[in-house]
Amino acid sequence: MAAIEPEEQLKELGSTLTGIEQVLDLDGMRRDIAELREQSADPDLWNDQERAQTVTRRLSYLEAELSRVEGLRQRHDDIATLYELAQEMDDADTRSEADEELVSLQKAVQQLEVRTLMSGEYDAREALVTINAQAGGVDAADWAEQLQRMYLRWAERHGYPTEVYDTSYAEEAGIKSTTFTVRAPYAYGTLRGEHGTHRLVRISPFDNQGRRQTSFAGLDVVPVVEQSDHVDIDESELRVDVYRSSGPGGQGVNTTDSAVRITHIPTGIVVSCQNERSQLQNKATAMNVLQAKLLERKRQEEAEKMSALRGEGTSSWGTQIRNYVLHPYQIVKDLRTGVEVGNPTSVLDGDIDEFIEAEIRWMRQQETA
């Protein structure tokens, strides 16, 4: 097959960029930015801390997104100019520079194109992530803590704010569970494909005989609730427990019994929060987490009903989705998309964009099939 000429590649990239610009609606984005800037200039905005943070986060995201798209368009035009110069001067070095820039631009456009695939009802929401240690004893608890670090590092790499609501530490090492939010637009649409069971194979650092151990941890991702959401919760169906917050080794984080655990009796859903010093604040946060989980449960039930009416089998991503093998060889492989990475250390340090982009494309194919 003949190689595609750079000029033709540039033409295709330009067409792709035009499609992305239309989907993202850059004019609408600019109007939203102007409106949010006006709101952020209001001196009374910070009287409502939660609303102020929502406005500033949204403004920061839109400004970065607009700058990203405009920057790619500028790079596209600059590369076209570079090729013209290379041809006019018959300069191999300039052409080589243009080739390198073209490869880099192609990758950047592909990454941005993934964003246009997130069109689900809740995809634009922030994400609420829960990780639970499953089979594997101490190794599973340690594995759950490694996963928590991996996602927090991923968010940090992208400049996404996070807030850990609750962490239940295991007795010997690691954690039993953790719940945290990723406070960025489209965080849910980005991370929802990570929902499922993550499997680790390694030589156990907790086995004095140095045997290989397989451990499992489950990841749950739901969209953060907004004021427009309606979730009926009967207070009589809740059991609220108050306890003392604790850190690793049982060390008290707070000096009062301010941590709150809420059990929704009909569904058995249990949520908790201990990151605030006020019991009332912890209860309010825990209620928000419960609303998010009930909203997702309702959404799944409705999806299953529609599938049944259509005579379709329900598809679930809540199964084993990815293997992380550290021994006898090193590889991380996604079982749905087939993406493989031979550097687990980098992956566990938050370099998971390749997996995320592939699964977003995979999910879109499943939903439109």
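About the criteria used
- Residues numbered from 1 in each chain as written.
- Predicted model: local features only at pLDDT ≥ 70, side-chain atom pairs only at ≥ 80, totals over all residues.
- Heavy atoms only, no water.
- Helix = DSSP H or I, 4+ residues; strand = E, 2+ residues; numbered from the N terminus.
- Contact = heavy atoms within 4.5 Å.
- Polar contact = N/O pair within 3.5 Å; in protein donor to acceptor, adjacent residues only side chain to side chain.
- Buried < 20%, exposed > 50% of the residue type's maximum accessible area, 1.4 Å probe, protein only.
- Pairing = 2+ DSSP bridges.
- Phe/Tyr/Trp six-rings, centres within 6.5 Å; stacked < 30°, edge-to-face > 60°.
- Lys NZ or Arg CZ within 6 Å of the ring centre and 35° of its normal.

Caption draft 1: Structural detail: the environment of Arg149. Following the sequence through the fold, Arg149 ends up in helix α5 (residues 137-158). For Arg149, the contacting residues outside a window of four places in its chain are Leu348 and Asp349. At 3.3 Å, the side chain of Arg149 forms a polar contact with the backbone oxygen of Leu348.

Caption draft 2: Broad picture of the pairing of strand β4 (residues 196-203). Here β4 lies mainly inside the structure; six of its eight residues are buried. The pairing of β4 with strand β5 (residues 212-223) spans eight bridges and is classified as antiparallel. Looking across to β5, one finds that Gly196 is bridged to Leu219. Of the strand pairs in this sheet, β4 and strand β9 (residues 320-325) are connected by five bridges, and their pairing is parallel. The residue of β9 that forms the bridge with Thr197 is Gln320.

Caption draft 3: Focus on the packing of aromatic side chains. All told, the structure shown has three aromatic pairs when counted by the stated rule. Arranged with centres 4.8 Å apart and planes meeting at 70°, the rings of Trp143 and Tyr324 form a pair that is edge-to-face. Taken together, the residues Trp143 in helix α5 and Tyr324 in strand β9 connect sequence positions 181 residues apart. Look at Trp143 and you get buried, because its relative accessible area is 0%. For Tyr324, a relative accessible area of 1% corresponds to the buried category. Note that Arg322 overlies the ring of Phe355, its terminal NZ or CZ placed 4.6 Å from the centroid. The ring of Trp362 has Arg336 sitting right over it, with the charged end atom 5.7 Å from the ring centre.

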